[in-house]
Structure formats: C-alpha cells, structure tokens
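# A look at the structure
Chain by chain, the residues run as shown.
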Amino acid sequence: MLKLVSLTFLFALAYARPQDVDSNRIVALPQDNFQVTDIGFETIEAKPAPEVVSVDASYAYGVDLAVPASVSQMNCLKTSRYAAVFLRAFTPTGSGAFDTTSVANIRNAYSAGLGIEVYMTPQPLSSLQGYQQLDLLYNGLTNNGITIRSVWIQVTSPANWQKSSTTNVNFINSIVSRAKQYGLTVGIYTNQYDWSQITGNWATLSSDVLL
C-alpha cells in the first residue's frame, strides 16, 4: 500500500545504507527490473507530490512501502519530487518476522538517491518480546550488509494490540531500549487516536524518542 505522508527532514540525521562489506560498493540485485505485478502485489504508481506552498525547507514528501519496488519505480518516485521512503523491515505476520522485501527496497531506494528510513510493524500478540523482534530486524539487515542508524516503530491499529495499555507500553519500551543498545535513533510512527487507544496516552516516553 502506498501512502502519502508529510515528514520532517529526519532522514538527514539517520539513514540506512546498503553496501558490499568487502569493497564498500553498492550491491546491484538481479531483481532490480522485476515487475511487482508479476508476483501479485498491487501496482505501485508514483504520482507527483503536491506542491509545497511554504518555502520552509524543513519539510518534504515521502511514502511508506511494504511491497517490493524496483529501481525504476524508486527513480519514478524521485523524479516525482518525493524525497524519502519509509521501508518496512519487520512484518507482524505470524509471530512477527524480518521483512526480507526490505533488503532489495533499501538498495533500490539508495540507487535512486532517495532518503531512507526503516520502520517496523511489531507483533504485540506474539510470544516474542519486543526487544526480540527488534533483534530480528537489526540482524536481518546487518546480515545482508545493510547498516541502519534509526528505526521507527509503527504503533497503529489498536485491534492488533493487547487490551492492556500497560502491557503495550512495556512492549514498546522494550523495543526502544534494545534499539538504543544498538546505538539507533528511535522514532514512533503513529497518530493521536491510535496512540491514545494503545498506550492510554503514555506521556513519559524518553525525550530523545522522535514522534
């Protein structure tokens, strides 16, 4: 699903960078020309970003992606004036798992010159603790030669979370704490209604966590 979001230029502070560990070269993937429609995913259609009325340079337009996107599709986003992509690297499917789609998406976005942010959609109902899910994301990217400096935690869809806001707060805090152990900048990807329903308006989150 392709969604338009307005974001602060945070990707200038933290980004994911794919690289060949031995030679520090970008790794070209054979599926760069793979068509999304060939495997049954919805077609990604890049439309021009809306005109920016304000001259404030601290804002830009971006999209979030949880489906495969080729280099040509990433280039299309770039030429359509999108500045960054939020790429899902952890899926809540089953007990939650590393989203392997993110590897090619990160490399393709990097090749297109887009700013890159990585996000996870955790699985709060899983037997895996929050920090264990973050481990899967971090190790999945690291094992594919991708270094990240930040991660966003998607806190949306209250029906997919525990009924206890205290349990949810502890779960999120577990992810945040582990991410900080890895030296990552952490952000919360949510909206006011979902945050209220899931966390009971948790207001004591560490001040260095982005929102």
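That block above? That's the structure.
Just so it is clear, the structure is predicted and the values come from calculations on it, not from any experiment. (Residues numbered from 1 in each chain as written. Predicted model: local features only at pLDDT ≥ 70, side-chain atom pairs only at ≥ 80, totals over all residues. Heavy atoms only, no water.)

Let's shift gears to the overall build of the chain. Each helix and strand in the chain was counted, giving five helices and nine strands. Here the chain, with 211 residues, has 48% of them falling under the buried criterion. Intrachain contacts of the chain at a sequence separation of at least 6 include 75% that bridge at least 24 residues. When the accessible surface of the chain is split by element, carbon and sulfur atoms take 50% of a total near 10700 Å². (Helix = DSSP H or I, 4+ residues; strand = E, 2+ residues; numbered from the N terminus. Buried < 20%, exposed > 50% of the residue type's maximum accessible area, 1.4 Å probe, protein only. Contact = heavy atoms within 4.5 Å. Areas by Shrake-Rupley, 256 points an atom, 1.4 Å probe, with all protein chains shown as cover.)

A separate point is the pattern of salt bridges. Scanning the entire structure with this criterion turns up three salt bridges. The salt bridge partner of Arg178 is Asp135, with a shortest N-O separation of 3.0 Å. With Arg178 in helix α4 (residues 165-181) and Asp135 in helix α3 (residues 130-142), the pair connects residues that are 43 residues apart, well separated along the chain. Given the relative accessible area of 15%, Asp135 is considered buried. (Salt bridge = Lys/Arg side-chain N within 4 Å of Asp/Glu carboxyl O.)

Burial analysis of strand β8 (residues 150-154) places five of its five residues in the buried class, the great majority of the element. Burial along β8 is two-sided: the residues Ser150, Trp152 and Gln154 and Val151 and Ile153 are all buried. With two bridges connecting them, strand β6 (residues 115-120) and β8 associate as parallel partners. Pairing of Tyr119 across the sheet is with Trp152, part of β8. In this structure, β8 lies alongside strand β9 (residues 185-189), joined through five bridges in parallel fashion. In the sheet register, Ile153 faces β9, and the bridge partner there is Ile188. Taken together, β8, α4 and β9 form a β-α-β motif whose crossover is right-handed. (Pairing = 2+ DSSP bridges. Right-handed = clockwise from strand over helix to strand, strands pointing away.)

Moving on, we get to the side chain of Asp99. Mapped onto the elements, Asp99 comes out in the loop between β5 (97-98) and α2 (101-111). Beyond its immediate stretch of four places on either side in the chain, Asp99 contacts Ala66, Arg88, Ala89, Phe90 and Thr91.

Below, the discussion takes up the packing of α3 against α4. In contact at an axis separation of 7 Å, α3 and α4 are set at 45° when each is read in the N-to-C sense. Between α3 and α4, the angle is such that the two are oblique. Between α3 and α4 the crossing geometry is right-handed. For the pair α3 and α4, contact is made by Gly130, Tyr131, Gln133, Leu134 and Asp135 and by Phe171, Ser174, Ile175, Arg178 and Ala179, respectively. Taken together, the residues of the contact of α3 with α4 break down into five nonpolar, three polar and two charged. (Axes fitted to C-alpha atoms, helices over the stretch in contact; angles between N-to-C directions. Parallel < 35°, antiparallel > 145°, perpendicular 65-115°, else oblique. Left-handed = near helix turned anticlockwise from the far one by under 90°. Nonpolar A, V, L, I, M, F, W, Y, C, P; charged D, E, K, R; others polar.)

Keep in mind these numbers describe shape, not what the thing actually does.
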